[in-house]
Amino acid sequence: MVKLLKRSYAFTLFLALSIILLSNLVPAQAKIEISTIKETFDAGELITLRVSLFDTNNAPINEDVNIVIEDAERRIKIEKTIQSNKLVDVSLGEGATHGYWEITANYKGQEAKTIFIVEIQELAKFELNKDILKITNIGNTKYTKTVQIIIGDTIGIKEPDLDIGQNVEYRLIAPDGVYNIRITDGETNLERG
């Protein structure tokens, strides 16, 4: 019976020491969090974010962290390596789709995710070259606004239907004379004397 108790005690002691030794070999898990400075961004605006990285004692770990930013439909994917615990600006590029986007941060097997929103922006650029008006959709959704063209005292309208990046040209016609020209859709304006 004494031998059995000694073996049981020896086994328990061996098991406890093994657990202690093995736990020192397994690296402590870092805590990773990701955040943006706001939940909603305008189209074309830089996305400002921070990946916070802490050890088990909540001390900051300043290391490189991999991030992936994707739109909801997974058509656009931006991959970067950034420094943890610092605010970082990331551009989504031109024509970033409106809606929800997701950021995933990875550090040594640890992962964190967050989402943000890119606002809808129906926006056009107007260019006037002699008598040709060019309207280009520079927003992140279909452009269907009514465009008013004012030449002197005459008002005309155009209703383009442009997909992202598309453009259309119109020839402006007026009797001989000197006119002030104003082109507007209520947001974008172009004036010429």
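Refer to the structure above for everything that follows.
Basis of the calculations
- Residues numbered from 1 in each chain as written.
- Predicted model: local features only at pLDDT ≥ 70, side-chain atom pairs only at ≥ 80, totals over all residues.
- Heavy atoms only, no water.
- Core = buried A, V, L, I, M, F, W, Y, C linked by side-chain atoms within 4.5 Å.
- Buried < 20%, exposed > 50% of the residue type's maximum accessible area, 1.4 Å probe, protein only.
- Helix = DSSP H or I, 4+ residues; strand = E, 2+ residues; numbered from the N terminus.
- Contact = heavy atoms within 4.5 Å.
- Pairing = 2+ DSSP bridges.
- Axes fitted to C-alpha atoms, helices over the stretch in contact; angles between N-to-C directions.
- Polar contact = N/O pair within 3.5 Å; in protein donor to acceptor, adjacent residues only side chain to side chain.
- Salt bridge = Lys/Arg side-chain N within 4 Å of Asp/Glu carboxyl O.

Caption draft 1: View of the nonpolar core. Core analysis: the largest hydrophobic core is formed by 26 residues, its most contacted members being Ile32, Leu49, Val51, Ile67, Ile69, Leu92 and Phe116. Contributing elements (two or more residues each) for this core: β1 (31-36), β3 (47-54), β4 (64-71), β5 (77-83), β6 (88-90), β7 (99-107) and β8 (110-118). Once residues within four sequence positions are removed from consideration, Ile67 is found in contact with Leu49, Val51, Ile78, Glu79, Lys80, Ile82, Val90, Ile103, Thr104 and Ala105. Core analysis: the next-biggest nonpolar cluster, separate from the first, contains 15 residues, Leu133, Ile135, Tyr143 and Ile151 among them.

Caption draft 2: Quick look at the sheet that holds strand β11 (residues 147-151). A sheet is described by the order of its strands in space; here four strands give the open sequence β12-β11-β14-β15, paired in antiparallel fashion. At either margin of the open sheet sits one strand with a lone partner, and together these are β12 (154-158) and β15 (189-192). Within this sheet the neighbouring strands show an average axis-to-axis angle of 15°, counted without direction. Relative to strand β14 (residues 181-184), β11 is paired through four bridges, and the arrangement is antiparallel. Along β14, the bridge assignment pairs Ile150 with Arg182.

Caption draft 3: Fine view of the side chain of Asn85. Along the chain, Asn85 falls in the loop between β5 and β6. The exposure class of Asn85 is buried, given its relative accessible area of 19%. Here Leu53 takes part through its backbone nitrogen, which lies 3.0 Å from a polar atom of the side chain of Asn85. Not counting residues within four places of it along the chain, the set of residues in contact with Asn85 comprises Arg50, Val51, Ser52, Leu53, Pro60, Ile61 and Asn62.

Caption draft 4: Expanded view of the pattern of salt bridges. Within the structure shown, the criterion is met by 10 salt bridges. Note that Arg182 is salt-bridged to Glu191, the shortest N-O span being 3.5 Å. Exposure remark for Arg182: the relative accessible area of 33% places this residue in the partly exposed category. Overlapping salt bridges bring together Glu70, Arg74, Glu102 and Lys113 as one network.

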